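# Structural characterization, general
Here is how the chains run, residue by residue.
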Amino acid sequence: MAERKKKGTVRRAKKAKTGASESRLLVVESPAKARTLGRYLDDSYVVKASVGHIRDLPRRDLGVDIANGFEPDYVTIRGKGKVIRELKRAAKAADVVLLGTDPDREGEAIAYHVAEQLGYRSKNGRRFRRVLFEEITPDGVAQGLENLTEIDFRKVDAQQARRILDRLVGYKASPFLWKPIRPGLSAGRVQTVALRLIWEREEAIRGFVPREYWTVEALLEKDGQRFTAKLHHVDKGKPDLPNEAAAAAVLDAVKDVPFQITKIRRKERRKNPAAPFTTSTLQQEAAKRLRFSAKRTMRIAQQLYEGVEAAGEAIGLITYMRTDSTRIAASAASRARAYIENEFGSGYIPKSPRLYTGKQQKGAQEAHEAIRPTSVRRTPESLKGDLDSNQLKLYSLIWQRFVASQMSPAVYDTTTVDFDLSGKDQRHYLFRSTGSVLKFDGFTRLYKGVYEKEEGRHLDDLERLPELVEGEIMKLIELGKTQHFTEPPARFSEASLVKELEKLGIGRPSTYAQILATLVERTYVELENRRFAPTALGETVVQVLIRVFPDTFDVDFTSNMEANLDRIEEGELEWHQVLESFYAAFSKRLAEGEAKSEEIIKEIVQAEGAICDLCNSPMVVKWNRYGRFLGCSAYPDCRNTKPIDGLPDVDLGDEPCPQCGGELVLKSGRFGPFVACSNYPDCRFTRAVDGKKNDAAADAKCPECGSPLAVKTGRYGEFLACTAYPKCKHTQAISLGLDCPTCKDGDVVKRRTRRGRIFYGCTRYPECDWSSWDTPVAFDCPQCGAQVALQKTSKRKGDFLRCAVCGHESVPEGAVDSGSD
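Worth saying up front: this structure is predicted, and the values here are computed from it rather than measured. (Residues numbered from 1 in each chain as written. Predicted model: local features only at pLDDT ≥ 70, side-chain atom pairs only at ≥ 80, totals over all residues. Heavy atoms only, no water.)

## Considering the pattern of salt bridges
Definition in use: Here a salt bridge means any side-chain nitrogen of Lys or Arg lying within 4 Å of a carboxyl oxygen belonging to Asp or Glu. We count a stretch as a helix when DSSP gives it H or I for four or more residues in a row; a strand needs E for two or more, and each element gets its number in order from the N terminus. Only protein chains enter the accessibility calculation, which uses a 1.4 Å probe. A residue is then buried if its area is under 20% of the maximum for its type, exposed if over 50%, and partly exposed in between.
Here the structure, examined in full by the defined rule, presents 41 salt bridges. Where R130 meets E108, a salt bridge forms, and the shortest distance between an N and an O atom there is 3.1 Å. A residue pair is termed long-range when its members are at least 10 positions apart, and R130 in strand 8 (residues 128–130) and E108 in helix 3 (residues 105–117) qualify at 22 residues. Classification of R130 as buried rests on a relative accessible area of 1%. In this structure, the salt-bridge partner of R491 is E528, at a minimum N-O distance of 2.8 Å. Taken together, the residues span a long stretch of sequence, with R491 in the loop between strand 17 (473–485) and helix 14 (494–504) and E528 in strand 18 (residues 525–528) at a distance of 37 residues. Residue R491 is classed as partly exposed on the basis of its relative accessible area, which comes to 24%. A residue is classified by how much of its surface remains accessible, and E528, at 31% relative accessible area, is partly exposed. Counted as one network, the salt bridges with shared partners bring together E29, K33, D102 and R322.

## Side note on unusual backbone geometry
The omega torsion of the bond from Y635 to P636 falls at 10 degrees, within 30 degrees of zero and hence cis. Here P636 lies in the loop between strand 22 (627–632) and strand 23 (641–642). Cis geometry marks the peptide bond from Y765 to P766; its omega dihedral reads 10 degrees. When you line up the elements, P766 lands in the loop between strand 32 (758–762) and strand 33 (771–772). Positioned with a positive phi, Q426 is a non-glycine residue whose angle comes to about 70 degrees. As for its position among the elements, Q426 is in the loop between strand 15 (410–422) and strand 16 (428–440). Even without glycine at this site, R530 takes up a positive phi of about 65 degrees. Assignment of secondary structure puts R530 in the loop between strand 18 and strand 19 (531–534). On the basis of relative accessible area, R530 is assigned to the partly exposed category, the value being 23%.

And the structure:
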């Protein structure tokens, strides 16, 4: 935990602030950060790590004295006693205690709790100083040590107010979930609002009614070069073609009309680079381009900030990664411009540096810069041998974005050509063709080969038009009509949900990753094709909470509360005042909820028409860790339970038990209905009810004992198990009937991660490590002959198949081109 180095790299002249002969204790929160800093400092420094928070509210008590001004009752976190004792011993021997935790609210709170335990409130409190490291480099450390400051109690108060708010909501609101759903469920103040966004999006998708519409386009030609003109206006209004007949009428009206150019407009358009990353935009881009979760992105970014071994030294590679500011220091911009001029030429740098100081998000922390590399000369290529693959990918993303932000814009020559046709029906039909030619690549030169476009249409997507002159008549090759259907709003991906949370002002940079991870860990949502879908449990949780607390879990209310926390940090509000105002309304909702709890249970979780066949009480929907079931509302007096959908009407006929010859009967268990032997427990044969599911087990024998295999259901779905259980405990995944596209010897099976996310892999793992998040289907690839494709979807392409071997893409049979209004 401690790092003492004889050789320092920070110049002694820059450390004169605290005196040449003083001994100094530097406390940071991370052991990795401590190791990196220890290499920069001489032997007058002792660097130790608190390993995160050392004090927090108690786990099993409210820990907030509401009657006494919401004073928190902090306790030492379990396991941190040894850390505190070690810090106290080091502090006793030090003349100066430097608090070098992260430069944000949470880091400030850690610094305060450490200082408090080391005697900050005593007569020796003056020896405590705060040091902020925006980057972990020799220059960054020297700059921090030259600009020592005091603990920012406004930040401490803001973080404390957030912690108390979260505790009050979680501790007081969670019990409303225990009776109607399941004991132990938790209601998070911000997580519930994020869950509400996901659930409301799912409701919008369910209620969406597709609308048919058609488009018309003409394929034209000049001098052997073909291009497309689309119907843009009908009588100066947007075309409304709701059915095929309307589209056909347009074709009939213009099919013999010459396509004469009536207007040509040529413009030069500039495409500027994006600003350097904030926490939010880094998480979004890493999710889209690298398929990193927000939590994974922040973990790797923390490693890059705290320091990694590069070229024989430990160095922080990026600036602080929790920021919502796009500001760039003038010195960093200047170094980037020098690098660009040297590598690409003077034409690739704009007249003046872009410092991005004018476009800040609401509540942006101006003290921080955007996320950028600490040295632009430290290119991704130079670090290939020092970083692991994930670190290199994320660093490359940050480096490219920052360098590109200081480059000249890309320049395009765009041409718009109009064909204003008078149809046979006396109506005017305006067809339009738009083309684009890259005139100067600018910042896109840096992205060449790796740049991935965002959603939507771009100048790069436009076709190149032939040389055209007004009045010319184009040769008509074909008039066509295409059917489309409007599409429902897409489910949130990690990237789009982070973007929505930022837009609505919910949460802050340091909270996005934890919000998303918590929703998945609590099984309130699941990821399907990398998009969030609420589980049945999550839908019930959010409905109960917004029914009882419509204000607390309202989007605008949560956004305003975040703004109030910002105002506490800025010194405009006092934290007690914010908590008192919140709790006055919250306590009323608590009282109303308790009075109407039975009504809410009946409204949301009671199973309509389901009556307990033992005591005639209503049945209600309940949850356990395995899913939903019906339980008697008279529990615990009556403990009757049923499967959520009841026992299916299945005729088992005279089929005997394949294991002992006994009679087969239908039963229900915690995973749903199943078929079992009537001789249980002497015979433990079971199988799934659905006969189709048993095709997977037809003639299948256990490879260990030779007994028949049967389909069973567990907490992670169906699987094959030996019927000789418990004597033989062999299990295996159910094959999808597809050969592994990589090794050809294994089968493709559905699997789940430890957190429940579905993916597909090979049965020969770990010998074969093929896997995919996308659903594999049977497919004859026309390019390489492979037999497996992956189902993909995007806004630009709609639904399509991608060969699992060569990447060839094709539209599945019966699919319709995607479109929008």
